[in-house]
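# Structure assessment
As a plain string of letters, each chain reads:
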Amino acid sequence: MSNILLITSSPRGDESVSNKFAGELASKLKAKSASNTLVHRDLAADPIPHLDTVKTAAIRKAPDQRTAEEAVAADYSDKLVTELLAADTVVIGTGLINFNIYSGLKSWIDNVARAGQTFKYTETGPVGLATGKKVYIVLAAAGVYSEGPAVSMNHAVPYLKTVLGFLGMTDVEVIYVEGLAFGPEAVEKAVAAAEAKVEELAQAA
């Protein structure tokens, strides 16, 4: 049995290629066994509120020290943490927007990066607690950012690998769907490459 957590973040709905390929990969992974489970968090359709004064205070306090309002805010974050910790596989879909991830995905990260739950501080430095997971990132982009002169402008993948690694998730595969602004032929090529990669990774899992 494997628990799969699918996180999609593009507001483009059915037109989004990051949503499409992240969803396809998650579905293929789930289909490998009848006992597998799949939880889907669509951060565009059901946005996670960004951290505010109440939630920031709530997640830094012990449960018995929270106000009633803070308890509600912390409970929401706790549910997201529970989903993540229960997952064996995490599939994340995002577009590259202004050289980084969607703000909705950043908000999810801000809610699940919790000291004492998904990481802890020790005398020798921080230690991730969300370990033992395979992570797949599907990144869609208008330009080409996996190689060539624009690599340094791709802050999405380095950031995601950094924060996921901080939480203990170091086994990360990236599927690029890029060059989508370069005309129909480039789109066809990018989609075909992504489809092949999704199939390869699903078969190898």
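Residues numbered from 1 in each chain as written. Predicted model: local features only at pLDDT ≥ 70, side-chain atom pairs only at ≥ 80, totals over all residues. Heavy atoms only, no water.

What follows covers helix α3 (residues 68–86). Across its 19 residues, α3 extends 27 Å between first and last C-alpha, which sits within 8% of the 27 Å expected from 1.5 Å per residue. Listed in full, the buried residues belonging to α3 are Glu70, Ala73, Ala74, Ser77, Leu80, Val81 and Leu84. All buried residues of α3 lie within an arc of 115 degrees about the axis, which places them on one face of the element. For α3, the exposed residues set more than 90 degrees away from the buried face come down to Ala68, Val72 and Thr82. The secondary structure elements touched by the buried residues of α3 are β1 (3–8), β2 (37–42), α2 (53–58), β3 (89–95) and α4 (103–112). (Helix = DSSP H or I, 4+ residues; strand = E, 2+ residues; numbered from the N terminus. Expected span 1.5 Å × (residues − 1). Buried < 20%, exposed > 50% of the residue type's maximum accessible area, 1.4 Å probe, protein only. Arc of directions from axis to C-beta. Contact = heavy atoms within 4.5 Å.)

Once that is clear, we can look at the packing of aromatic side chains. Applying the stated criterion across every chain yields a total of two aromatic pairs. Aromatic pair phenylalanine 119 and tyrosine 121: ring centres 5.3 Å apart, planes at 85 degrees, arrangement edge-to-face. Note on phenylalanine 119 and phenylalanine 166: the rings are 4.8 Å apart at their centroids and 55 degrees apart in plane angle, and the pair reads as tilted. Placement of phenylalanine 119 in strand β4 (residues 119–122) and of phenylalanine 166 in helix α5 (residues 156–166) is noted, with a sequence separation of 47 residues between them. Residue class for phenylalanine 119 comes out buried when judged on its relative accessible area of 7%. An aromatic cluster of three or more residues is present, and its members are Phe119, Tyr121 and Phe166. The ring of phenylalanine 21 carries the charged tip of lysine 20 above its face, separated from the ring centre by 5.2 Å. (Phe/Tyr/Trp six-rings, centres within 6.5 Å; stacked < 30°, edge-to-face > 60°. Lys NZ or Arg CZ within 6 Å of the ring centre and 35° of its normal.)

Under the criterion given, the structure shown has 11 salt bridges. The residue aspartate 110 makes a salt bridge to lysine 106 at a minimum N-O spacing of 2.8 Å. With aspartate 110 and lysine 106 both in helix α4, this residue pair falls four residues apart, about one helical turn. Exposure remark for lysine 106: the relative accessible area of 33% places this residue in the partly exposed category. Here the salt bridges do not stand alone but share partners, grouping Lys134, Asp171 and Glu173 into one network. (Salt bridge = Lys/Arg side-chain N within 4 Å of Asp/Glu carboxyl O.)

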